[in-house]
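Here is what each chain is made of, one letter per residue.
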Amino acid sequence: MKKYIVFLLIWFFTWYYMVMYQTREGWWLLIGESVWFILTVLQLLYGKYCIQVQVRADVRVIDKGKNIFAVVSVANTGFLPIPHFHLKLSAGQEAQQSMFSVQSGKTKDRYWSAVKKGRIPLRHKQEISVAIPAAHAGKVCIFAEQVILYDCLHLFSMKKTIKHRSETPLQRNPKKSYQKDRAVRVSVLVLPRLYPVSLEIPSSLRYFGDESGLYYDEEGSDPSEILEIRSWQPGDRLQKVHWKLTERTGELMVREFSEPIGFAVIFLMDTDFYAEPYLETVLSISMEMCMQKCLHYICWQNPAGVLMRQPVVKEEQIYRFLQIAMEKQECSSGLQEENYQDWFGAGSYHTCLRLNEKLELYKGEECIGQMNSSSPEKSLAELMIEI
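Summarised in this report is the structure supplied together with it.

Moving on: the sheet that holds strand E17 (residues 296-301). Pairing between the strands of a sheet is mediated by backbone hydrogen bonds and can be parallel or antiparallel. Strand order in the open sheet made by the 6 strands is E18-E17-E16-E19-E20-E21, with mixed pairing throughout. Each edge of the open sheet carries a strand with a single partner, namely strand E18 (307-312) and strand E21 (366-370). Taking each pair of neighbouring strands and ignoring which way they run, the sheet shows an average axis angle of 20°. Here strand E19 (residues 351-356) pairs with strand E20 (residues 360-363) via 3 bridges, running antiparallel. Along E20, the bridge assignment pairs Leu353 with Lys363. Packed on one face of the sheet, helix H4 (residues 276-291) meets strand E16 (265-270), E17, E18, E19 and E20 and runs near 175° to E16. Helix-sheet contacts for helix H6 (residues 337-344) involve E16, E17, E18 and E19, and the interaxial angle to E18 is about 85°.

Here's what the structure looks like:
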């Protein structure tokens, strides 16, 4: 804006000089200044309309402490070149009050920003690679905040604020054309660190029970529960053919059955928010139980008082729970073993673990350890959990 004011002052001085002295050269200078200024402003306006920005990341999930590598594509869809541009990029934590000790109260708490410079010929696209540190667990949003266009002489500029919208599956295709006044922002889930845990589980508790009515999500032979329906393949038995669906679709369809299982442990999360040390403790213990084939539930209570539970048979189910915890933040304290039994019945579980807000770990009514929020790795290394 200051440069525009300076130019207008120069233009006014030239005009005043011409009024006073009436020289031919002065008139040509005044006309040249006016035409050049108008063409420059029109070029910037046209460039502002034609420049398009897209952000993409190669990964959707990453471990804490690593770098998130993103690619920002800046495209010029017009028939005039863009001589210079400055693109401001930002990364921030989406509203996760449990993940940071300091919050700005905004939708995104920016913790990283950078300005990238460049120029784009007509009908061309430029890609800029950036590395963003994943310093905290949570959902990190990477987006282009604004772009500033400059003329050839770098005298005048025009700012364009990027309008944001979330990424959709169609926009993840790099061949998709850019949409005007739109920019894609991408989110990456940063996983908490997992620490080693000393866990003793009797062999009798692995694949505990068979009367719970719950089933593995892998192929078995129990006809009481269907895992999936798929097309027939050579070697499939006729007993598995789904005849009604085969008649309806005209294609031979086969049913896959599951095997019944039981869950030996329920892991209760008694907290009002998922602090980073809290999640690291829960996930470390859950992962160790999963590695030792101890099937368990991760249980939490949402603000409405409804009990939720995530069965953990495979490692993927732990990350499924983690995504829910980081995105929805639906939890409340006061969860006890009695609450679980009221909702789901006493069942056939063997052990109840409960972790409260103070990071005190209970086995039944007995407190078996307390984690240090500043160093959960050391606390978990010193803890021995016997199921």
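Note that an α-helix has 3.6 residues per turn; residues three or four places apart therefore point the same way. A rise of 1.5 Å per residue sets the reference length of H4, with its 16 residues, at 22 Å; its end C-alpha atoms lie 22 Å apart and thus fit the reference within 8%. The buried count for H4 comes to 14 of 16 residues, which makes it a mostly enclosed element. In the stretch just after H4, Lys293 is the one whose phi turns positive, near 65°.

The biggest cluster of nonpolar side chains holds 41 residues, and the ones touching the most others in it are Met269, Ile285, Met289, Leu361 and Ile387. Elements with a contribution of two residues or more to this core: strand E10 (183-191), E16, H4, E17, helix H5 (315-328) and E19. In terms of residue count, the dominant contributor to this core is H4 (8 residues). Excluding residues within four positions of it along the chain, Met269 makes contact with Tyr274, Tyr278, Leu279, Val282, Ile298, Cys299, Trp300, Phe321, Ser332, Leu335 and Leu355. If you look at the next biggest cluster of nonpolar residues, it comprises 36 residues, including Val55, Ala70, Ala134 and Val188.

The rules we used
Each chain has its residues counted from 1, running along the sequence as written. Note on the predicted model: pLDDT of at least 70 is required for a residue's local features to be given, and 80 or more for side-chain atom pairs to be given and counted; whole-chain, interface and lining totals, by contrast, use all residues. Side-chain calculation: all heavy atoms of the structure are included, whereas hydrogens and water are not. The pairing criterion for strands is at least two bridges between them, as found by DSSP. Strands here are runs of E lasting at least two residues and helices are runs of H or I lasting at least four, both read from the DSSP assignment and numbered beginning at the N terminus. An axis is simply a line fitted to the C-alpha atoms; with a helix, the fit covers only the stretch in contact. Between two such axes, the angle follows the N-to-C directions and lies from 0 to 180 degrees. The contact rule is simple, with two residues in contact once any of their heavy atoms fall within 4.5 Å. Helix span, as expected, comes to 1.5 Å for every residue beyond the first. Type-normalised accessible area, obtained with a 1.4 Å probe on protein chains alone, sets the label of each residue: buried when under 20%, exposed when over 50%, and partly exposed for intermediate values. Buried Ala, Val, Leu, Ile, Met, Phe, Trp, Tyr and Cys residues that are joined via side-chain atoms within 4.5 Å together make up what is termed a nonpolar core.

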